[in-house]
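# Analysis of the macromolecular model
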Amino acid sequence: MTTVVDRPAVPAAGPTPPSSDARAAARRTRLARMSFYVPSVLYLLLFFGYPITANVVMSFQDYTVTSFYDGDAPFNGFANYTAIFTDDLFGASLWHTVVFTFASLVAQFALGLALALYFRRRFPLGSVLRALLLLPWLLPLLVSGTVFRWLLDQDYGVVNQVLLSLHLVSDPVPWLVSPDHAMAAVVIANVWIGVPFNMVILYGGLQSIPPQLYEAASLDGAGAWGKFRHITWPLLRPVSAVVLMLGLIYTVKAFDVVMVLTQGGPADATQLLSTWSYQLSFTNLQFGRGAAVSNVLIVIAMVFALVYLRAVRAEQSER
Amino acid sequence: MSTRIRAATAACAAFTLSASLGGCGLITAETPPNTLTVADYYTAEPGNTALTEILKTCGRATGVNVVREVMPRAQLVPKLLRDGAARTLPDLVLSDNPDLPKLASTGALLPLKGRTDTTGFYKSVLEAGTYNGELYGVAPGVNGLALFYDKAVFRKAGLEPPKTWKELRDSAAELTQTHRYGLALSAVGTEEGSWQYEPFLWGNGGELDGLGSKASVDSLTYWSGLFGDGSVSKSALNWQQSDVAEQFIGGHAAMMVNGSWQLAALDAEKGLDYGVVPLPVPERGDTPVTPLGGEVWAVPKGERQDKATEVLDCVLSPENMYDWARLRADVPARPDVAKRLVKRQPDLAPFIAGVPAARARTTELGTAYPAVSEALYTALHQSVTGTLSPARALKAAQRDARSAVDDH
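Everything numeric in this text was worked out from a predicted model, so none of it was measured.

What counts and what doesn't
- Residues numbered from 1 in each chain as written.
- Chains lettered and ligands numbered in written order.
- Predicted model: local features only at pLDDT ≥ 70, side-chain atom pairs only at ≥ 80, totals over all residues.
- Helix = DSSP H or I, 4+ residues; strand = E, 2+ residues; numbered from the N terminus.
- Rg over C-alpha atoms; globule rule 2.2 N^0.38 Å.
- Buried ≥ 20, exposed ≤ 12 C-beta atoms within 10 Å, placed from the backbone.
- Contact = placed C-beta atoms within 7 Å.
- Pairing = 2+ DSSP bridges.
- Axes fitted to C-alpha atoms, helices over the stretch in contact; angles between N-to-C directions.
- UniProt positions renumbered as here; feature names shortened; annotations may be inferred.
- Parallel < 35°, antiparallel > 145°, perpendicular 65-115°, else oblique.
- Left-handed = near helix turned anticlockwise from the far one by under 90°.

## Some details on the overall build of chain A
Counting its secondary structure elements, chain A contains 16 helices and zero strands. By the compact-globule yardstick of 20 Å for 319 residues, chain A is too spread out, its C-alpha radius of gyration being 27 Å. Principal-axis analysis of the C-alpha atoms gives chain A an extent of 95 × 75 × 30 Å.

Given below as structure tokens:
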């Protein structure tokens, strides 16, 4: 940093204390250094600190539509939290969030890894295909969600037509309209959306593995599985951790894909914490409760973020 | 125009001349001289053009420039709440009538009684704009639900359009074939689903504030029975009303429950010969009770409220009401105008017949309606998917509804 360069030489350990001049200069330097923090701190306070604080405050208030206009929202202690924790939907949507997140992550990662390994081999049009696979990622979620709504339609959806004509099922699958299938349907859509992200990051990770290792392994007589088991997998671990952790935080708060496909239905079978929070706030206009649910979501995401940060720190100190 | 604004405008003009574009847009947008803003969600035709036209006409008549701010339906209420907090509400709002109580409960809306002329309006229409005994919203046109049927299919089967629940169930079952369901309706997990079910609930004597009653349970038992028979596709749990219309147009349903606003789209389909009859009732001789649909105009309090009321008066004048209803295929809010319009659009007759007995969804529940509606459509889903029996689903819904009413 340029400001550090003109730091006056402070006398080494000596009996005389540093002159006031030197002290002032040191303070100035410190100030200059701190000032580099200011933009990012301001940004964080304004765009993260303020909304989160407001959300926490709101969750302890009886916040109604009237509150928006006259700004008057009486505090009601833990009433909102009591209300949501005693609601049957809390347990259900928490469980749905866990299932949705876990199933999406596992499938996205497995498919992403398989594709990344596949595209590591050079073949004609390989890079074109790889680029095409990024498309789901580029599409707005609303668009892909709507397309999946058509694909998965019980009566006229392509998916059921294909399954029926292959005689894999005897009756059309009620993908979006049966509580037993709806979760599978939203996971399928979400996996399709998430695979490209996993593939790209894992592909990048694969590129950084030195090819000499594989050559050496071949000389030692390792097969394809052996190479994967003893070279690819361990060397890809740091990247995998990043992908899974980012995917987790991203999936825990997933909202739009469910909103487009099932609106949390049928019969709340796909109600996640995120969609429930939205519904409480913007359909039922119980803003305090909506805020309480989203705070629960924030805490969950934060726990995993901390785990991630610790993992990264451990990783760095190992190096 | 105040001198200050004029000075600002002049300064702006000078600035604009010398420096092409500048910050003047901001100044003029804050205090638009002689301009009124309208917030609405008429993104689709024919409402979009109809609204622009009528505002142009009424702007000219009252000497103001009216600017529309159009957004998707789901964003209107959140936007208005935000605007209310920032004290930058538009001068006129066109909102869905069940949303009106929430807006009125904030205290931001101007009571319209005595400020705008509503003599000769249907009583039910005015009720839909009333909150706590005070009129806050007026609709130039309203809509309701009726039964659409495919004339060719009925002719071939030698059937008459059903009048009672039993006839509806029987003909729906009879007309269901490989690629065609007997009936299509919307049971989607939003307000649309509740609104489509309400005629069945009310028609049987059930009430939104008494979902656990025998009349309510019987109506849900009947209604889910239509799915159980296989006469209605379970996909209806995910269909909005526009999807329902597509199913009907595509020949995948012999009948559908839908609203008058679909008439224009249906008429545009060549080769579709359809008829419209009032919704079937439980017993011969009962009166169908449909929920009252449509958007109401409301005027937020503010400096320009008088001018806004003047524009509203113009929109509600019989002539403009006629044009509006004709373009939108709405039922005019005044019986005399409706009588005139039905001569030109005979298909509107079943909808017009339903308006006097139509009920506003928020009359009893006010701001608690959205939460009750959510409890209701959840019960619909539970019952159709077999998660819970109609009785148990409605009992749970009644419990949720009760706690929502207590909260509000």
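## Quick notes on the environment of B:Ser389
Looking at where B:Ser389 falls in the secondary structure, it is placed in the loop between helix H17 (369-385) and helix H18 (390-407). For the pair B:Ser389 and B:Thr221, spaced 168 residues apart in sequence, the C-alpha separation works out to 8.4 Å.

## Things to note about the environment of A:Trp137
All names here are of chain A. Turning to its location among the elements, Trp137 is positioned in helix H8 (residues 135-138). For Trp137, a count of 14 C-beta atoms within 10 Å corresponds to the partly exposed category. It is 8.3 Å that separates the C-alpha atoms of Trp137 and Val195, two residues lying 58 residues apart in sequence. Apart from the residues lying within four places of it in its own chain, the contact partners of Trp137 are Pro196 and Phe197.

## Thoughts on the sheet that holds strand E3 (residues 92-96) of chain B
Residue and element names in this part refer to chain B. Ordered by their spatial adjacency, four strands build an open sheet running E2-E1-E3-E11, and the pairing between neighbours is mixed. The open sheet has two edge strands with one neighbour each: strand E2 (65-70) and strand E11 (295-298). Between one strand and the next, the sheet's axes are offset by a mean angle of 20°, whatever the strand orientation. As paired elements, E3 and E11 share four bridges and run antiparallel to each other. The residue of E11 that forms the bridge with Ser95 is Val296.

## Comments concerning the UniProt feature "transmembrane region" (unreviewed entry) in chain A
All names here are of chain A. The feature "transmembrane region" (unreviewed entry), as annotated in UniProt, sits at residues 36-58, 94-119, 131-152, 182-203, 235-252 and 287-309 in this numbering. Helix and strand shares over residues 131-152 are 77% and 0% respectively, and the end C-alpha atoms of the span are 26 Å apart. Within the segment residues 182-203, helix and strand shares are 100% and 0% respectively, and the terminal C-alpha atoms sit 32 Å apart.

## Quick notes on the packing of helix H9 (residues 191-203) of chain B against helix H10 (residues 214-228) of chain B
Residue and element names in this part refer to chain B. In contact at an axis separation of 8 Å, H9 and H10 are set at 125° when each is read in the N-to-C sense. Of the possible angle classes, the one that applies to H9 and H10 is oblique. The chirality of how H9 crosses H10 is right-handed. Counted together, Tyr197, Phe200 and Leu201 of H9 and Ser216, Ser219, Tyr222 and Trp223 of H10 form the full contact between these two elements.

## Observations regarding the interface of chain A and chain B
Contact with chain A, which involves 26 residues of that partner, is made by 27 residues of chain B. Listing elements by their share of the side of chain A that touches chain B, those giving two or more residues are helix H4 (65-70) and helix H15 (273-283) of chain A. The greatest single-element share of the side of chain A that touches chain B, amounting to five residues, is contributed by H4(A).

## What about the environment of B:Thr190?
Along the chain, B:Thr190 turns up in the loop between strand E8 (181-184) and H9. C-alpha separation for the pair B:Thr190 and B:Leu80, spaced 110 residues apart in sequence, amounts to 20 Å. For B:Thr190, the residues in contact, after removing those within four places along its chain, are A:Gln263 and B:Tyr377.

## A word on the sheet that holds E8(B)
Residue and element names in this part refer to chain B. Taken together, the four strands give an open sheet; going across it, the order is E8-E9-E7-E10, and neighbouring strands pair in mixed fashion. Across the chains shown, the open sheet's two edge strands, defined by having one partner strand only, are E8 and strand E10 (274-277). Averaged over all pairs of adjacent strands, the angle between strand axes in this sheet comes to 20°, irrespective of strand direction. Pairing of strand E7 (residues 145-150) with E10, which is carried by four bridges, proceeds in the antiparallel orientation. Note on E10: the bridge partner recorded for Tyr149 is Gly275. Along the sheet, helix H8 (residues 165-175) makes contact with E8 and strand E9 (253-259), crossing E8 at roughly 130°.

## Concerning unusual backbone geometry
Not every positive phi belongs to a glycine, and A:Leu125 is a case in point at roughly 65°. Positive phi, close to 55°, is recorded for B:Ala329, a residue that is not glycine. Its place among the elements puts B:Ala329 in the loop between helix H14 (318-328) and strand E12 (331-332).

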